[in-house]
Amino acid sequence: GKDTSAGSASNRADVAGQGRDSSQDGTSGGKAGGMSVQDGGAASAGATQHAQSAEAAAQKKKEEGNQLYRTKEWRRAALLYDQALAKLAVYPALLLSNSAACLLNLSNNQQAAQAAAAATLLDPMNMKAAYRCISALLGLEWLNEAGSACTQALRMHPEDASLQGLQQRVSSAAAATKATSAAKATPTAAQGKQQAQPSRGGEEISEREMHKRKQKNVASAQSMAVMNDMMMMMPAALQARKSKQMGMDVGVDTRIPPFHQEFMKSGALPALCDKDACFDHIWYAYECARGMFTHQVTMFSPKISMDLIMSPENMMQRLQVLSEDRIKWLMDAPMGNVSFFLRPPYTPKKVHSFGNVPAKMGRPCLQPGTTHVAVGFLDLGTLCAACSAWNIPEQQEKQHCQPPVLRWVGFDSSAGCVAQSLVVAQMLKMGAQIDHILQVWISAAWSRATLAAFRAALTALLTTTETASRSPSKHTWEQALPLPVQQVLRHWQLHDVSLQESRKSWLDNSDMTDTYVANFVRKEHRTAMWVYLLSGQVLHADVGSVTMFADPDPEVDRSMSESFLQTLPFEELHHCMEERGLDPVQAGVEILRARLAQLAQAVRLGQVDIQVRLGAVVAEDKPLLKHIAALRPDTMSWSNVPDYITPPSRFHTLAAACSSPSTIHYMHSMNWPGSVKGACHMDFQVEDLQGAPEVLKRLLAISKKDIQRKYKELGIKYLLCPPVDNPRNTVDFQLFLRHYKDWVRAFFSEGRQQGLRDVEKQVSVDPPEYNILSRSNSTIGITFTYSRDEAVLMKLAKLS
């Protein structure tokens, strides 16, 4: 028989009714009613008598429910629909939608929202279920959730007049609520001073909620909890049946404990953190984590519309630049095709406090006696990682000979990044405590001792600058601090940040969901992660970070959605946790402590000369390119600068102009999938909408096996496997592995004019790695040279 669903017009009959919803989905029985319907389409020849009996009983209950609905006996009708569900109904989405209609007429809005939400989850194209869900949310006055549901439903049914009418009702209700809130917030003359200072709570929570909706554009934790709880209430046999039909797990992830409650009871909440805001953040992460299956349902549904896939939001996320040419490429290009496109330039107004990818330069490639130029360095992370591989004998301090020196020259276009790196370098020179340097570098909150050491380094830097300005003969562009950097340093010298201010700023400006915490099996690991993610703090703290929260430029957009754990290789962090019995945050701190201690010793012995300069390395600045080439760099690092230079030939021209004949270059790319057709799951939906679900299911299974194999090889037992992650990310990771070489070949084929003739010998690539702590699983690290000299190629091969 033919599969009967709420979206199948040929097998539906509407029955007149009254109340909020005047129609009810169902069939009148007989052959059209689909009593012989089996999951997956064709009736199973091996169906047992028991299964047939269950289906017949479910069908009977549904018919009885339909009759009761016609006579407005909604409570009894809802009960019969529930009984039909319990008997492995063949129409779970249809019955849930019918149950929602009954509950709406009984003014039971919360249970109606639960039933309708579950129906739309099982059948995204069920318009009536969406209508009933929105109506119930309106009845609950959950206007944000109703608006989000309206937007989603109209993507599926853009021409539906009833949904458009609901959207107008939601908009009107939201406007009325806003006007009422504004009136209440405006103090009257009679209220006087009592209303002059609004209480901590209502207004701040409202702002936070608005920010959350703006950043995430999703329903709140409360509405997600309704959906997840409804799925938990669904009979296990029905979940198993639907999972088999769809070829995937349908249901909440029961491996995940209620860590939002667990953490709030632990007593570990950092001092001065807003308890309500923290609970909201963790609760939202919990509901998102256990409800990851919803992404699978949408991604694998054969009923998903092309209009939804091609929505502006999805296209912008996939293509990174929205234009007719880019959309045409996505629609017409064959899988594996690489197309470079013009990206918006990176703005120095966007500031990060530290790197956001693991340092790829932990190998012994930066050695004393060489020169390294770091373009877009952001912080001293790569230098720190490189020095950790050095073997520095302790007795060398007693030697009188001058040691070979690594000259490290960094260029960055952000005055804030340059200023912070200068302070860290100065603290290293002054012999500041490692923990003080560590906090200035990565922590959102500092101890008072750290603040004092920071101010001492600032004073030394500014004093040197003033001395240089009074001695013009010694004042060169290499020695002087540029005015923008001086302004940042002087601002930091005069401004303090309270611990309470840092707490609020950190959490308010975070737009990450942090669902990955659900992967940690051990309670103590989850607790440690939440302490850090809610506060940005490492080690003991009394005050807020001046470098993070005291920007002199109000237009600076400082990213708070970052974690210092993103800067560490996954395997290194894992080994530290296992060998020393540490939680992830403790292990990360210990790794950076050891790196900083090694760097501090090298600085003290005069083995490292750190030079930090403000400036963008661009093709138009010919004098700067000549200056860098004159340094004869042995090695150069480019961060992900190549992601923003198009076409690649422009980057190769720039890099070659800075090179010496033997320079070895390092770079990484995070955005490369935007240029490769087939590097995203959406490409398969665009290519073959009906066939895509089966292809994506296979890719998801392969990717999960690869991750499981990696965890087993490393002996990882403290993380859940398969991981708690959006299945889109897991599928895309498999596609990254399949297509990154396509991008590498195309990118370096445009460097032939600069000497790149043999990609196999002149280019080495670190493939993408799956890491739940990383910012992106697409990142590839690349080492290359324009030289064809055998000695240089042998050196490159050793580094690979």
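Just so we're clear, the structure is a prediction, and the values are computed from it rather than from any experiment.

1. As for the overall build of the chain
Alright, step 1. What the chain contains, in helices and strands, is 33 helices and 11 strands.
Alright, step 2. Residue burial in the chain is summarised as follows: out of 800 residues, 55% are buried.
Alright, step 3. Contacts in the chain between residues at least 24 apart in sequence constitute 77% of all its contacts with a sequence separation of at least 6.
Alright, step 4. Of the roughly 35,100 Å² of accessible surface on the chain, a fraction of 52% belongs to carbon and sulfur atoms.

2. Some points on the packing of helix α2 (residues 74–86) against helix α3 (residues 92–105)
Alright, step 1. Running from N to C, α2 and α3 cross one another at 160°; their axes reach a closest spacing of 9 Å. Taken together, the axes of α2 and α3 are roughly antiparallel relative to one another. The two elements α2 and α3 meet at a crossing, and its hand is left-handed. Two secondary-structure elements touch here, α2 through W74, A77, A78, Y81, D82, A84 and L85 and α3 through P92, L95, L96, N98, S99, C102 and N105.

3. Some thoughts on helix α33 (residues 790–799)
Alright, step 1. Regarding α33, the residues found buried are V792, L793, L796 and L799. All buried residues of α33 fall inside an arc of 115° around its axis, so they share one side. Set apart from the buried face of α33 by more than 90 degrees, the exposed residues are E790, A791, M794 and K798.
Alright, step 2. Along its buried surface, α33 packs onto β9 (664–669), α32 (759–762), β10 (763–766) and β11 (780–785).
Alright, step 3. The N-capping residue of α33, defined by a side-chain oxygen 2.9 Å from the backbone nitrogen of A791, is D789.

4. Observations regarding the side chain of S99
Alright, step 1. With respect to the element layout, S99 can be found in helix α3.
Alright, step 2. Exposure remark for S99: the relative accessible area of 4% places this residue in the buried category.
Alright, step 3. With near-sequence residues (within four places) excluded, S99 lies in contact with A78, Y81 and D82.

5. Notes on the sheet that holds β9
One key point about sheets: their strands pair by backbone hydrogen bonds, in either a parallel or an antiparallel sense.
Alright, step 1. In spatial order, the strands read β7-β3-β2-β8-β9-β11-β10; together these 7 strands make up an open sheet with mixed pairing. The open sheet terminates on both sides in strands that have one partner only, identified here as β7 (608–614) and β10. For this sheet, the mean angle separating the axes of adjacent strands, direction not counted, is 15°.
Alright, step 2. Sheet analysis places strand β2 (residues 371–375) next to strand β8 (residues 635–637), joined by 3 bridges and oriented parallel. Residue pairing for β8: H372 is matched across the bridge by T635.

6. Quick notes on the nonpolar core
Alright, step 1. With 145 residues, the main nonpolar core has V423, L489, W492, F564, I610, V617 and W638 as its most contacted residues.
Alright, step 2. If you tally residues by element for this core, the top one is helix α26 (residues 584–604), at 10 residues.
Alright, step 3. Leaving out residues up to four positions away in the same chain, W638 has contacts with V375, V617, F651, L654, A655, C658, H665, Y666 and M667.
Alright, step 4. Core analysis: the next-biggest nonpolar cluster, separate from the first, contains 24 residues, L104, A117, A130 and L138 among them.

7. Re the packing of helix α13 (residues 293–300) against helix α30 (residues 692–714)
If you want to describe how two helices pack, look at the angle between their axes and the distance between the axes.
Alright, step 1. Two numbers describe how α13 lies on α30: the axes approach to 9 Å, and their chain directions differ by 140°. Regarding the angle of α13 to α30, the classification is oblique. In contact with Q296, M299 and F300 of α13, α30 contributes P693, L696, K697, L700 and K704.
Alright, step 2. Per-class residue counts for the contact of α13 with α30 are 5 nonpolar, 1 polar and 2 charged.

8. Here we look at helix α28 (residues 648–658)
Because an α-helix packs 3.6 residues into every turn, residues spaced three or four apart end up facing the same way.
Alright, step 1. Taken together, the buried positions of α28 are occupied by P648, F651, H652, L654, A655 and C658. The buried residues of α28 occupy one face: seen down the axis, they fall within an arc of 165°.

9. Let's talk about the pairing of β2
Alright, step 1. Burial analysis of β2 places 5 of its 5 residues in the buried class, which makes it a mostly covered element.
Alright, step 2. Pairing geometry for β2 and strand β3 (residues 406–412), over 5 bridges, is parallel. Paired with A374 across the strands is G410, a residue of β3.

10. Things to note about the pairing of β7
Alright, step 1. Burial analysis of β7 places 5 of its 7 residues in the buried class, which makes it a mostly covered element.
Alright, step 2. Here β3 pairs with β7 via 7 bridges, running parallel. Looking at β7, one finds that F411 is bridged to R613.

11. Overview of the pattern of salt bridges
Alright, step 1. A full pass over the atoms with the stated rule returns 18 salt bridges.
Alright, step 2. The shortest N-O distance in the salt bridge between R318 and D683 comes to 2.7 Å. Highlighted residues: R318 in helix α15 (residues 312–319) and D683 in helix α29 (residues 681–687), separated in sequence by 365 residues. With respect to burial, R318 and D683 carry one shared label: buried.
Alright, step 3. One salt bridge connects E694 with K697, and the closest N-O pair in it is separated by 3.3 Å.

12. Observations concerning the confidence of the model for the chain
In low-pLDDT segments, the atomic positions of the prediction should not be examined closely.
Alright, step 1. Counting all residues, the mean pLDDT for the chain is 81, and 80% of those residues have values of 70 or more.
Alright, step 2. Averaged over each element, pLDDT in the chain is lowest for helix α8 (residues 202–216) (36) and highest for strand β4 (residues 445–446) (98).
Alright, step 3. Every residue in residues 187–219 is under pLDDT 50, and counting partners more than four places away or in other chains gives 35 contacts.
Alright, step 4. Note on residues 473–478: pLDDT is under 50 here. Beyond four places in sequence and across chains, it has 9 contacts.

13. Quick notes on the packing of aromatic side chains
Alright, step 1. As enumerated under the stated definition, the model contains 20 aromatic pairs in all.
Alright, step 2. Their ring planes at 65° and their centres at 5.5 Å tell us that F733 and Y770 sit as a pair that is edge-to-face. One end of the pair, F733, is in helix α31 (residues 727–749); the other, Y770, is in the loop between β10 and β11, with 37 residues separating them in the sequence.
Alright, step 3. Judged by its relative accessible area of 5%, F733 is buried.
Alright, step 4. Here Y770 falls in the buried class, since its relative accessible area comes to 3%.
Alright, step 5. Ring geometry for F747 and F748: centres 5.0 Å apart, planes at 75°, overall edge-to-face. Side by side, F747 and F748 carry an identical accessibility label, which is buried.
Alright, step 6. Chaining the aromatic ring pairs together yields one cluster made of F340, W638, F651, W743, F747, F748, F784 and Y786.
Alright, step 7. The ring of F341 has R326 lying over it, and the distance from NZ or CZ to the ring centre is 3.6 Å.

14. Let's talk about the environment of A587
Alright, step 1. For A587, the location among the structural elements is in helix α26.
Alright, step 2. Residues A587 and L565, spaced 22 residues apart in sequence, show a C-alpha to C-alpha distance of 9.4 Å.
Alright, step 3. Those residues in contact with A587, other than ones at most four positions away along the chain, are L573, C576, M577 and L582.

15. Quick word on the environment of C133
Alright, step 1. If you trace the backbone, C133 turns up in helix α5 (residues 127–140).
Alright, step 2. Taking relative accessible area as the criterion, C133 reaches 10% and is therefore assigned buried.
Alright, step 3. C133 sits 20 residues away from A113 along the chain, and the two C-alpha atoms are 4.9 Å apart.
Alright, step 4. With sequence-adjacent residues up to four places away left out, C133 is seen in contact with A113, A116 and A117.

About the thresholds
Residues numbered from 1 in each chain as written. Predicted model: local features only at pLDDT ≥ 70, side-chain atom pairs only at ≥ 80, totals over all residues. Heavy atoms only, no water. Helix = DSSP H or I, 4+ residues; strand = E, 2+ residues; numbered from the N terminus. Buried < 20%, exposed > 50% of the residue type's maximum accessible area, 1.4 Å probe, protein only. Contact = heavy atoms within 4.5 Å. Areas by Shrake-Rupley, 256 points an atom, 1.4 Å probe, with all protein chains shown as cover. Axes fitted to C-alpha atoms, helices over the stretch in contact; angles between N-to-C directions. Parallel < 35°, antiparallel > 145°, perpendicular 65-115°, else oblique. Left-handed = near helix turned anticlockwise from the far one by under 90°. Arc of directions from axis to C-beta. Polar contact = N/O pair within 3.5 Å; in protein donor to acceptor, adjacent residues only side chain to side chain. Pairing = 2+ DSSP bridges. Core = buried A, V, L, I, M, F, W, Y, C linked by side-chain atoms within 4.5 Å. Nonpolar A, V, L, I, M, F, W, Y, C, P; charged D, E, K, R; others polar. Salt bridge = Lys/Arg side-chain N within 4 Å of Asp/Glu carboxyl O. pLDDT = per-residue confidence, 0-100. Phe/Tyr/Trp six-rings, centres within 6.5 Å; stacked < 30°, edge-to-face > 60°. Lys NZ or Arg CZ within 6 Å of the ring centre and 35° of its normal.

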